[in-house]
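Single-letter residue listing:
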Amino acid sequence: MRIESRQWLAEAAAAVMCLTLLPAAASAQAQDARVAMARASAAPTADVTFHKDVEAILQRSCQTCHRPGSVAPFSMLTYEEARRYAQRIRDYTEDRVMPPWPYDRTVGIQSFKNDHTLTDGEIATIAAWVDGGAPEGNAADAPPPIEWKPASEYWEYEEFYGRPPDLVIESPPYVVQANGMDQWPEPVAEVIGLEGERWIRAIEIRPKDPRSGYVFHHGNPSLEQEAGRGGLIASAVGKRGEIYPEDAGKLIQPGARVSFGMHFHPYDEDVEAVMQLGLWFYPEGERPKYETPGEVQFRADQSTGSSRDIARRADLLIPPNSTATYQGTYVLRQNTRIQSLRGHMHVRGKNQILEAIYPDGRRELISKLNWDHAWHTAFVYENDVRPLLPRGTVLLITSIFDNTADNPLNPDPNQWVVAGSRTVDEMSHIWVGLTYIPDDGEFQAMVEERERRPMAARD
Ligand code: HEC
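Bear in mind the structure is a predicted one, so any value in this text is a computation, not a measurement.

## Some remarks on the overall build of the protein chain
Working step 1: Helix and strand counts for the protein chain stand at 8 helices and 27 strands.
Working step 2: Residue burial in the protein chain is summarised as follows: out of 459 residues, 40% are buried.
Working step 3: Here the analysis covers contacts within the protein chain between residues at least 6 apart in sequence; of these, 83% occur between residues at least 24 apart.

## A look at the site of the ligand
Working step 1: Close contacts around the ligand come from 18 residues, with Cys62, Cys65, Ala72, Met98 and Pro99 the closest.
Working step 2: A total of 4 residues in the shell around the ligand trace back to one element, the largest contributor, which is helix α4 (residues 86-94).
Working step 3: For the shell around the ligand, a count of residues per class yields 13 nonpolar, 4 polar and 1 charged.

## Quick look at the confidence of the model for the protein chain
A low pLDDT means the predicted coordinates there should not be read in detail.
Working step 1: Here the protein chain shows a mean pLDDT of 84. Residues at 70 or above account for 85%.
Working step 2: Within the protein chain, the element-level pLDDT minimum falls on strand β1 (residues 21-23), averaging 35, and the maximum on strand β24 (residues 388-389), averaging 98.
Working step 3: Counted against residues more than four places away or in other chains, residues 309-313, with its pLDDT under 50, gives 11 contacts.

## Digging into helix α8 (residues 440-452)
Working step 1: Here α8 is 13 residues long and its end C-alpha atoms lie 18 Å apart, about the 18 Å a rise of 1.5 Å per residue gives.
Working step 2: When you tally the buried positions in α8, you get 1 out of 13 residues, a small fraction of the element.

## With respect to helix α5 (residues 120-131)
Working step 1: Helix length check: α5, at 12 residues, gives a terminal C-alpha distance of 16 Å against a target of 16 Å (1.5 Å per residue), a fit within 8%.
Working step 2: When α5 is considered as a whole, its buried residues turn out to be Glu122, Thr125, Ile126, Trp129 and Val130. Buried residues of α5, viewed axially, fall in a sector of 130°; they line one side.
Working step 3: Gly133 lies just past α5 and shows a positive phi near 90°.

## Points about the nonpolar core
Working step 1: Membership of the largest hydrophobic core comes to 32 residues, with the highest contact counts inside it found for Phe298, Leu354, Phe379, Leu395, Ile397, Ile430 and Val432.
Working step 2: When residues of this core are traced back to their parent elements, those giving at least two are β17 (294-298), β19 (323-331), β20 (336-343), β21 (349-357), β22 (363-370), β23 (379-380), β25 (394-402) and β27 (430-436).
Working step 3: Among the elements that take part in this core, β27 stands out by supplying 4 residues, more than any other.
Working step 4: Residue contributions to this core reach at least three from each of two domains, namely domain 1 (27-146) and domain 3 (294-452).
Working step 5: With sequence-adjacent residues up to four places away left out, Ile397 is seen in contact with Phe298, Arg299, Ala300, Gln327, Gly328, Leu354 and Ile430.

## A short note on the packing of α4 against α5
The description of two helices packed together rests on the angle between their axes and the distance between the axes.
Working step 1: The geometry of α4 relative to α5 is characterised by a closest axis approach of 9 Å and an angle of 155° between their N-to-C directions. As the angle between them shows, α4 and α5 are arranged roughly antiparallel. Taken as a pair, α4 and α5 cross one another with a handedness that is left-handed. Here Ala86, Gln87, Ile89, Arg90, Thr93 and Glu94 of α4 come into contact with α5, specifically with Ile123, Ile126, Ala127 and Val130.

## Quick look at the pairing of β25
Working step 1: The element β25 is extensively covered by neighbouring structure, given that 7 of its 9 residues are classed as buried.
Working step 2: In this structure, β19 lies alongside β25, joined through 9 bridges in antiparallel fashion. From the neighbouring strand, Thr329 faces β25, where its bridge partner is Leu396.

## Notes on the environment of Tyr92
Working step 1: Here Tyr92 lies in helix α4.
Working step 2: For Tyr92, a count of 15 C-beta atoms within 10 Å puts it in the partly exposed group.
Working step 3: Linking Tyr92 and Ile123, residues 31 residues apart in sequence, is a C-alpha distance of 9.7 Å.
Working step 4: Ignoring any residue separated from it by four or fewer positions in sequence, one finds Tyr92 in contact with Val97 and Met98.

## So, the sheet that holds β19
Working step 1: A sheet is described by the order of its strands in space; here 4 strands give the open sequence β19-β25-β21-β22, paired in antiparallel fashion. The open sheet has two edge strands with one neighbour each: β19 and β22. The average angle at which neighbouring strand axes cross in this sheet is 15°, direction not considered.

## Some points on the packing of helix α2 (residues 50-61) against α5
Working step 1: Axis separation between α2 and α5 bottoms out at 10 Å; the angle between their running directions is 130°. It follows that α2 is oblique to α5 by the angle criterion. Handedness of the α2/α5 crossing: left-handed. Judged by residue contacts, Phe50, Asp53, Val54 and Ile57 of α2 engage Glu122, Thr125, Ile126 and Trp129 from α5.
Working step 2: Looking at side-chain class alone, the contact of α2 with α5 contains 5 nonpolar, 1 polar and 2 charged residues.

## Comments concerning the environment of Leu223
Working step 1: Along the chain, Leu223 turns up in strand β8 (residues 222-225).
Working step 2: The class of Leu223 is buried, set by 22 C-beta atoms lying within 10 Å.
Working step 3: In sequence terms Leu223 and Val191 are 32 residues apart; their C-alpha atoms lie 9.7 Å from each other.
Working step 4: When residues no more than four places from it in sequence are discounted, the contact partners of Leu223 are Arg229, Gly230, Leu232, Ile252, Ala256 and Val258.

The rules behind each value
Residues numbered from 1 in each chain as written. Predicted model: local features only at pLDDT ≥ 70, side-chain atom pairs only at ≥ 80, totals over all residues. Helix = DSSP H or I, 4+ residues; strand = E, 2+ residues; numbered from the N terminus. Buried ≥ 20, exposed ≤ 12 C-beta atoms within 10 Å, placed from the backbone. Contact = placed C-beta atoms within 7 Å. Near = placed C-beta within 6 Å. Nonpolar A, V, L, I, M, F, W, Y, C, P; charged D, E, K, R; others polar. pLDDT = per-residue confidence, 0-100. Expected span 1.5 Å × (residues − 1). Arc of directions from axis to C-beta. Core = buried A, V, L, I, M, F, W, Y, C linked by C-beta atoms within 7 Å. Domains from an automatic or database assignment. Axes fitted to C-alpha atoms, helices over the stretch in contact; angles between N-to-C directions. Parallel < 35°, antiparallel > 145°, perpendicular 65-115°, else oblique. Left-handed = near helix turned anticlockwise from the far one by under 90°. Pairing = 2+ DSSP bridges.

Structure representation (structure tokens):
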């Protein structure tokens, strides 16, 4: 199932977008309508043109990265630019290398809110356009251009909520020294302007200005408050925020402190970096049915220790010129509904697999990620395929590393690799976005509702 409009934002737990720069919200809807129309049209014919057939596809699935100042090596905003790369655009889309979607299509759950990959029909349209000489066509057929803005100039979820965040928390400035090593400061901000307890519906992180954006690698802000400590949001290249499920939220209390837990990557001049966290709340006095921890980290190794239930884990140690597989298991102490999944490894990473072993012994492969360090994509499940795991279910995390010369990202296959924060070290965890459903009756009702649906409607 694919979502043709930005509707998915309404319930998405995370967004898959280019981190540094994002599209202005306003024109996106019009554009999506056009894409939907383009998709509905029949098989490509000889008169496929750029403006009529191809441009809207590039707008939706490519331009967020392929434009000046963003992450991709060339821009696709104009006909001339696309024309120059037409053959490669054809090859990369046919091979499904672009847009990046590092997820195994052959096993596990295949239905997402944020899947902007191309349909077979769209791939064929692009191929027909290139084979037909990549004609421009009539400019009058073109979809309205998207007004792209730097990340620091807007909030992505503002479109969905129709208002800026209810509360913005700003990190104290941190000077990232030019041309140095990566830096992991933990600037702390007191939360001010909160009059009573509130429940968070969505959360987004952005650099305060473009310069802060240059050095922003990722941030894992956490919350300290009377109700306890806990992660607030984990961000990464390709993930800017989280919208919790429609029935879930996270509590924030007056007097809370936010520790920003940043990872900065130096630029060629000193940068005074400031990050902003935007929070959207449930209406005052409204408590969502469930409290969600958001994304929870499950590891395949225990190199830096962990307090959670662990049946068997080991330190990461990957020999030169070899592959290695690590597994971690966790027993779920509560009924759990999984809303999203995001891998995390570094440059020797190859695959990450999440499996569930149900209390009755049934084993299900939920997802297999084809790891690519360039893309920290969050895969957000459609509501009706979100895994429902009764308490006692075992989560089995498998992380597979390739430290051979066959791995194109491997900087040196002759090194021993250990766990660590540097990109040349390794990590093995999966971020699982989840919501606990403590009440057995409610959980059972969810399971039964799922089972009542005919098979055909399940994907
Ligand atoms: C999330 C960001 C992102 C999106 C979305 C994206 N690209 Fe890319 N693309 C990149 C980056 C980064 C590179 C360079 C690194 C690489 O090749 O992986 C690239 C490389 C390419 C290349 C190879 C360029 C070369 O120099 O040979 C082509 C062709 C391409 N993209 C086409 C597309 C098309 C067509 C789409 C949409 C259907 C698309 N990309 C969507 C980020 C993106």
